[in-house]
Amino acid sequence: MSHESPKPTACLALADGTLFYGRGFGATGETVAELCFNTAMTGYQEIMTDPSYAGQVVTFTFPHIGNTGVNPEDDETADPVAAGMVVKWDPTTPSNWRSVDTLSNWLATRGRIAIGGVDTRRLTRAIRQQGAPHVALAHDPDGNFDTDALVAKARAFSGLEGLDLAKDVTCAQSYRWDEMRWAWPEGYSRQENPQHKVVAVDFGAKRNILRCLASAGCDVTVLPATATAEEVLAHNPDGVFLSNGPGDPAATGAYAVPMIKGVLEANLPVFGICLGHQMLALALGAKTVKMNHGHHGANHPVKDNDTGKVEITSMNHGFAVDSQTLPEGVQETHVSLFDGSNCGIRMTNKPVFSVQHHPEASPGPQDSFYLFEKFAANMAARN
């Protein structure tokens, strides 16, 4: 009696020729991207729909992925943006009262490929040691793979350095936002008494960031990534928010930095997160660098240099601000306790600040919600 293992239906090929076989789920076909790992224990749906993951396949170090299903309330944008996912165990039948679909079906209907049954610890060690590799991920139910071709495609991937991906994930036109953070039992409610008029520039904004702004009393108008300073200031805002997003900040900064400089000249309160933080630093004269494997997770300790307080934060970035290049008049406010990399800056003479981590905490801890209140306080002090 034969006890042969079932034939693999998915293959992950790294540019160095390493191959990982597993069981495919979600969509069939191939995709080429950079590979990163995420250490969060919750929020796989929010991670897959985070626009900051454009051009990346995500390896989840936590093995239980898919066990709470998916639902439309947890999407950070309309469809998954990450190119694919790699997990240890096949998704189980979901067990959660909010679930409306399985992870596999959700991925399949949205054209995203996934592979299960992979030794994600081995893969994560490889990423840590060698940097984020370029990969080709293939799912074929018949298990037929041209591995040489897959490796060649991985090697041909251009990488994220020098790539402006914000223009691919930004909104097509401006819109208003008034939905606030989810709360039991009513779910999402509307901001009916906003105190501050905010323009949010969308480089790949997560919905929960916009919800946090609304919950902090903001009337939010979202503009596309390519908006000029004149277009931003034409709304007569009390403050300007610079969103998260994917790709190389220097590439997106080619058009965003002149806009940010124009906003700074207007002396408005400014708050930036992630890519917005990096491009604010560029506008102030600092430089950004590509990290070895980036920070992706919901358990990253960050120290506030002013108070000495340590916050556990959510992070998702492959580039960082080089703190050694910060000019006079710009202070480093937060640092990562993992590697000492920059996690926040502020101007000493203007109500302008930004952070590398994600204070909206979706998914993740809520230690940094206060930053939205700080932004609101800066606008209140100006009025």
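No experiment lies behind these values; they were computed from the predicted model shown.

*Asks:* For this particular structure, what's the right way to read the overall build of the protein?
*Replies:* A tally of helices and strands in the protein yields 10 helices and 17 strands. Residue burial in the protein is summarised as follows: out of 383 residues, 57% are buried. Residue pairs in contact within the protein that sit at least 24 positions apart in sequence constitute 75% of those at least 6 positions apart. Surface summary for the protein: the accessible area is close to 15700 Å², and the carbon and sulfur share equals 48%.

*Asks:* Please explain the pairing of strand β6 (residues 113-116) as it appears in this structure.
*Replies:* Regular strands place side chains that alternate from one sheet face to the opposite one. The alternating pattern of β6 places Ile113 and Ile115 and Ala114 and Gly116 on opposite faces, both of which are buried. Summarising the sheet, strand β2 (residues 19-26) and β6 pair through four bridges and their orientation is antiparallel. Residue pairing across strands places Gly24 opposite Ile115, the latter belonging to β6. Pairing of strand β5 (residues 84-86) with β6 involves three bridges; the strand directions are parallel. Residue pairing across strands places Met85 opposite Ala114, the latter belonging to β6. In this fold, the crossover linking β5 to β6 by way of helix α2 (residues 103-109) has right-handed handedness.

*Asks:* Would you explain the sheet that holds β6 in this entry?
*Replies:* Sheet strands line up and pair through hydrogen bonds in the backbone, either parallel or antiparallel. Strand order in the closed barrel made by the seven strands is β1-β2-β6-β5-β4-β3-β7, with mixed pairing throughout. Here the strands of the sheet are splayed against their neighbours by 35 degrees on average, with no regard to which way each runs. Pairing of strand β4 (residues 56-60) with β5, which is carried by three bridges, proceeds in the parallel orientation. Each residue of the ladder has a partner; that of Val58, found in β5, is Met85.

*Asks:* Teacher, can you tell me more about the pattern of salt bridges here?
*Replies:* Pairing is possible between side chains that carry opposite charge, provided their charged atoms lie close to one another. Within the structure shown, the criterion is met by 13 salt bridges. Across the pair Lys153 and Glu30 runs a salt bridge whose closest N-O atoms are separated by 2.6 Å. With Lys153 in helix α4 (residues 147-156) and Glu30 in strand β3 (residues 29-38), this pair connects stretches of sequence that are 123 residues apart. Note that Lys167 is salt-bridged to Asp164, the shortest N-O span being 3.9 Å. Judged by its relative accessible area of 48%, Lys167 is partly exposed. Here the salt bridges share partners, and the residues they tie into one network are Asp178, Glu179, Arg190 and Arg211.

*Asks:* What's the story with the packing of helix α8 (residues 249-265) against helix α9 (residues 275-283) in this structure? I'm lost.
*Replies:* A pair of packed helices can be characterised by two numbers: the angle between their axes and the separation between those axes. One can describe the packing of α8 onto α9 by two numbers: an axis separation of 8 Å at closest approach and a directional angle of 70 degrees. Classified by the angle between their axes, α8 and α9 sit roughly perpendicular to one another. By crossing handedness, the relation of α8 to α9 is classed as right-handed. Residues Pro249, Ala250, Thr252, Gly253, Ala256, Val257, Ile260, Lys261 and Leu264 of α8 touch α9, and the partners they reach there are Leu275, Gln278, Met279, Leu280, Leu282 and Ala283. Considered class by class, the residues forming the contact of α8 with α9 number 11 nonpolar, three polar and one charged.

*Asks:* Looking at this structure, how should I read α9?
*Replies:* With nine of nine residues buried, α9 lies mostly within the body of the structure. Within the sequence span of α9, burial applies to Leu275, Gly276, His277, Gln278, Met279, Leu280, Ala281, Leu282 and Ala283.

*Asks:* Whenever I open this one, the sheet that holds strand β13 (residues 287-304) confuses me. Can you help?
*Replies:* The sheet built from 10 strands is open, its strands ordered β8-β10-β9-β11-β12-β17-β16-β15-β13-β14 with mixed pairing. Whereas interior strands pair on both sides, the edge strands pair on one side only; in this sheet they are β8 (175-177) and β14 (310-322). Sheet twist, expressed as the average angle between the axes of neighbouring strands with direction ignored, equals 20 degrees. As defined by bridge partners, strand β11 (residues 239-242) adjoins strand β12 (residues 270-273) across three bridges and the pair is classed as parallel. Bridging across to β12, Phe241 finds its partner in Phe271. Across the sheet, helix α6 (residues 207-215) is in contact with β8, β9 (196-202), β10 (218-224), β11 and β12; its angle to β10 comes to roughly 145 degrees.

What counts and how
- Residues numbered from 1 in each chain as written.
- Predicted model: local features only at pLDDT ≥ 70, side-chain atom pairs only at ≥ 80, totals over all residues.
- Heavy atoms only, no water.
- Helix = DSSP H or I, 4+ residues; strand = E, 2+ residues; numbered from the N terminus.
- Buried < 20%, exposed > 50% of the residue type's maximum accessible area, 1.4 Å probe, protein only.
- Contact = heavy atoms within 4.5 Å.
- Areas by Shrake-Rupley, 256 points an atom, 1.4 Å probe, with all protein chains shown as cover.
- Pairing = 2+ DSSP bridges.
- Right-handed = clockwise from strand over helix to strand, strands pointing away.
- Axes fitted to C-alpha atoms, helices over the stretch in contact; angles between N-to-C directions.
- Salt bridge = Lys/Arg side-chain N within 4 Å of Asp/Glu carboxyl O.
- Parallel < 35°, antiparallel > 145°, perpendicular 65-115°, else oblique.
- Left-handed = near helix turned anticlockwise from the far one by under 90°.
- Nonpolar A, V, L, I, M, F, W, Y, C, P; charged D, E, K, R; others polar.

None of this, on its own, says anything about what the molecule does.
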